[in-house]
Amino acid sequence: MVEATRTFTGGQALAHALAAHDVDTVWGIPGTHNLEIYAHLPGAGIRHVSPRHEQGAGFAADGYARATGRPGVCITTSGPAALNAATALGQAYSDSVPVLAVSAGMPLRHPSRGNGELHETRNQRAALEAIVADSHRVTSVPEIAVAVAQAFTAMTNGRPRAVYLEIPVDVLEESAEVEIVEPIPAPKATPDPNALDAGASRLAAAARPAMLVGGGARAAAPEVRSVAERLGAPVVCTINGKGIFPEDHPLSAGAGLTRAVTRELVEDSDAVLVVGSGLSPAELWLGPLPLAGKLVRVDIDPAQAVTNSVPEVAVVGDSAAALAGLAARLDEAPRDGERAARWRSRHLEEASELGARWSWILDGIAAALGRDGIVAGDSAMVCYHAAVAALPAYRPASFLYPTGYGTLGYGLPAAIGAKLGRPEARVIALLGDGGAMFTIAELAAAAQLRLPLPVVVVDNGGYGEIRNEMAERGHPVHAVDLDSLDFAALGRVLGCEGVTVDDQGALAEAVERGFAADRPTVLHVREDEGPAPVMAAAEGMEGVRA
Ligand SMILES: Cc1ncc(C[n+]2csc(CCOP(=O)(O)OP(=O)(O)O)c2C)c(N)n1
Ligand SMILES: [Mg+2]
């Protein structure tokens, strides 16, 4: 807590309320309507980071939140600025990432009839409300401290999500007596012991158990491990869960739900424990997994516990508490190590097939990244076809990827957010040439921040995935070719180092140098020719990826 009661302007009340919630960094762009917020960020001890576009602010706040486990905050001015951040909020919402967007809005005493106020959006709050889990427009200065506390509760209590807080521009400027509100203590999401009993006995009775681990288990890595080891169960992580279970563990069967190995493992298993995953179609783009009759689900969100696949047993609660409860009920039984080894080698074999086309790139990155690094990826084939399967991860939140919303332009700003949140970690951005251009301006932001950030751009001359989809459908292939750019030169113009690399050794060396540099390094890499991995569509499914 910063102060007890004081006379604050609205902008000051916001800055102090954020500080009271341990916010140390915010991303945003100042404008006429939010100047009163900017006036008070330094006084509240909050570092402000300048992206080059509000979408970059939102993605950076997301990357920071994923990498640190703490909410990310972005600040916009009204109208176009708030809408520029909207896509990033949609991304954070769909991947269960706690991001708070605070925006100035039209004044309280304003007709809202499209009378032409600067930045006027017909209904800004409604536009944002359609995207996030919780949105609120305050009507007075004292309310701001309460609204911030409530926003943090909405973000962090239960399933994390994006939230939106709007402060009318006149409320930002007014002064009033404000009581600073302490963070609201979150109730413990303790699982029901009966559900734990039922889940544990269902799992203990299985001869061939498996586990699927999603992003909701990011704070439960030790508990995931102890349940997996007790069950002797092969473990697959989802894309958002990648790294929660270390991929060099003998029970690891890799990451990615859409993969053939995952489907075959589920088919072969007689009980499957799914932890903190929506089993979302966005990741299961070839169709749902055959989980009927064998599913035990752990989720903090009671609604999500039955979404997409209905379980035999649902354990609702905090994933660490639920898994600890399950582990305590499971015996350390001798298990079939041969089965786990079989699935592990099946995974490794498939991963090397999927990654083949990009293997020199992935191997070069892996060599320099080490066990503790973080990859922030974009929605490019090198990420979802290859890196998910073939770039091993060993820690929670070490692979940041726009899974649910699938937006392009995420990787670079998310990497910036991650690097600022975890300065000691090696962070790398992995982008396609098409997606890179969506937020390429953020190279200038990263350069100004002097971030030692390698940015790998995998260039296949355009929207490769969409080109493939058009061809597969027998449609005319057009609108997908982009003139090849000199990304290294572009990086240099924006204040970075820039290199073009065409072999694994040079790439690994440039990445290694990039981690030690005093600015970002753009690595322009040309994708090898040849067919992309084919992921055959399941019966009746289109198999469309994006
Ligand atoms: C915001 C947004 N617009 C459009 C798309 C549709 N889309 C999906 S993949 C893709 C191509 C991306 O190209 P690139 O980043 O070069 O990756 P590649 O497919 O070539 O590996 C497009 C346009 C999207 N996912 N997000
Ligand atoms: Mg491309």
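Definitions and limits used
Residues numbered from 1 in each chain as written. Chains lettered and ligands numbered in written order. Predicted model: local features only at pLDDT ≥ 70, side-chain atom pairs only at ≥ 80, totals over all residues. Heavy atoms only, no water. Core = buried A, V, L, I, M, F, W, Y, C linked by side-chain atoms within 4.5 Å. Buried < 20%, exposed > 50% of the residue type's maximum accessible area, 1.4 Å probe, protein only. Helix = DSSP H or I, 4+ residues; strand = E, 2+ residues; numbered from the N terminus. Donors = N, O, S within 2.8 Å, 3.2 Å for Na, K, Ca; no water. Pairing = 2+ DSSP bridges. Axes fitted to C-alpha atoms, helices over the stretch in contact; angles between N-to-C directions. Contact = heavy atoms within 4.5 Å. Near = heavy atom within 4 Å. Polar contact = N/O pair within 3.5 Å; in protein donor to acceptor, adjacent residues only side chain to side chain. Areas by Shrake-Rupley, 256 points an atom, 1.4 Å probe, with all protein chains shown as cover. Nonpolar A, V, L, I, M, F, W, Y, C, P; charged D, E, K, R; others polar. Salt bridge = Lys/Arg side-chain N within 4 Å of Asp/Glu carboxyl O. Expected span 1.5 Å × (residues − 1). pLDDT = per-residue confidence, 0-100. Parallel < 35°, antiparallel > 145°, perpendicular 65-115°, else oblique. Left-handed = near helix turned anticlockwise from the far one by under 90°.

1. A word on the nonpolar core
Point 1. M211, V227, L273, L326, I365, L430 and V456 are the most contacted members of the largest nonpolar core, which has 68 residues in total.
Point 2. Ranked by residues supplied to this core, first place goes to helix α14 (residues 381-390) with 7 residues.
Point 3. Counting residues in each nonpolar core, the second largest holds 48 residues, with C74, A86, V97 and L420 among its members.

2. Here's the deal with the coordination of the magnesium ion (ligand 2)
Point 1. Looking at the magnesium ion (ligand 2), the protein donor atoms are D433 (OD), N460 (OD1) and G462 (O), and they sit 2.0 to 2.1 Å from it.
Point 2. Between consecutive donors of the magnesium ion (ligand 2), the numbers of intervening residues give the motif D-x26-N-x1-G. Placement of D433 in helix α16 (residues 433-436) and of N460 in the loop between β18 (454-459) and α18 (464-472) is noted, with a sequence separation of 27 residues between them.
Point 3. Looking at D433, the relative accessible area reads 5%, which means it is buried.

3. Some thoughts on the sheet that holds strand β7 (residues 162-168)
Point 1. The sheet built from 6 strands is open, its strands ordered β3-β2-β4-β5-β7-β6 with parallel pairing. Every interior strand has two partners, whereas the edge strands, β3 (47-49) and β6 (134-137), have only one. Strand-to-strand twist of the sheet, defined as the mean angle between neighbouring strand axes without regard to direction, takes the value 20°.
Point 2. Where strand β4 (residues 72-76) lies against strand β5 (residues 99-105), 5 bridges are found, and the strand directions are parallel. Each bridged residue has a counterpart across the sheet, and for V73 the counterpart in β5 is L100.
Point 3. Sitting on the sheet, helix α6 (residues 142-156) touches β5, β6 and β7, and the angle it makes with β7 is about 170°.

4. Some thoughts on the site of ligand 1
Point 1. Inspection of the region around ligand 1 gives 18 residues, with G406, D433, G434, G435 and G464 positioned closest.
Point 2. Between ligand 1 and the protein, one listed contact pairs an oxygen atom with a backbone N or O atom of G464 at 2.8 Å.
Point 3. One of the backbone N or O atoms of E465 is found 2.9 Å from an oxygen atom in ligand 1.
Point 4. In isolation ligand 1 exposes 580 Å². Once the protein is present, 80% of that is buried.
Point 5. Looking at the shell around ligand 1, the elements with two or more residues in it are α16 and α18.
Point 6. By residue class, the composition of the shell around ligand 1 is 7 nonpolar, 9 polar and 2 charged.

5. What to know about the pattern of salt bridges
Point 1. Summed over all chains, the structure comprises 25 salt bridges.
Point 2. The salt bridge involving E229 is made with R225; its shortest N-O contact spans 3.2 Å. Of this pair, E229 and R225 both sit in helix α9 (residues 221-231), 4 residues apart, which is roughly one turn of the helix.
Point 3. Using a relative accessible area of 34% as the deciding quantity, one classes E229 as partly exposed.
Point 4. R513 serves as the salt-bridge partner of E509, at 3.2 Å between the closest nitrogen and oxygen. With a gap of 4 residues between them, E509 and R513 both fall in helix α20 (residues 504-516), about one helical turn apart.
Point 5. Residue classification places R513 among the partly exposed residues on the basis of a relative accessible area of 48%.
Point 6. Through salt bridges with shared partners, a single network forms among D62, R66 and D95.

6. Observations concerning helix α3 (residues 54-68)
Point 1. For α3, spanning 15 residues, the distance from its first C-alpha to its last is 21 Å, which sits close to the expected 21 Å at 1.5 Å a residue.
Point 2. When you tally the buried positions in α3, you get 14 out of 15 residues, the bulk of the element.
Point 3. Positive backbone phi, approximately 80°, marks G69, located one or two places after α3.

7. A look at the confidence of the model for the protein
Point 1. Taken over all residues, the pLDDT of the protein has a mean of 94, while the share at 70 or more is 96%.
Point 2. Contacts from residues 536-546, a stretch scored under 50 in pLDDT, to residues over four places away or in other chains number 23 contacts.

8. Regarding the packing of α3 against helix α4 (residues 80-94)
In a packed pair of helices, the relevant descriptors are the angle between the two axes and the axis-to-axis distance.
Point 1. As a packed pair, α3 and α4 sit with axes 7 Å apart at the nearest point and diverge in direction by 30°. One finds that α3 runs roughly parallel with respect to α4. Seen along the crossing, α3 lies across α4 with a hand that is right-handed. Note on element contacts: α4 touches α3 through A81, N84, A85, T87, A88, Q91 and A92, opposite E54, Q55, G58, F59, D62 and R66.
Point 2. Split into classes, the residues belonging to the contact of α3 with α4 amount to 5 nonpolar, 5 polar and 3 charged.

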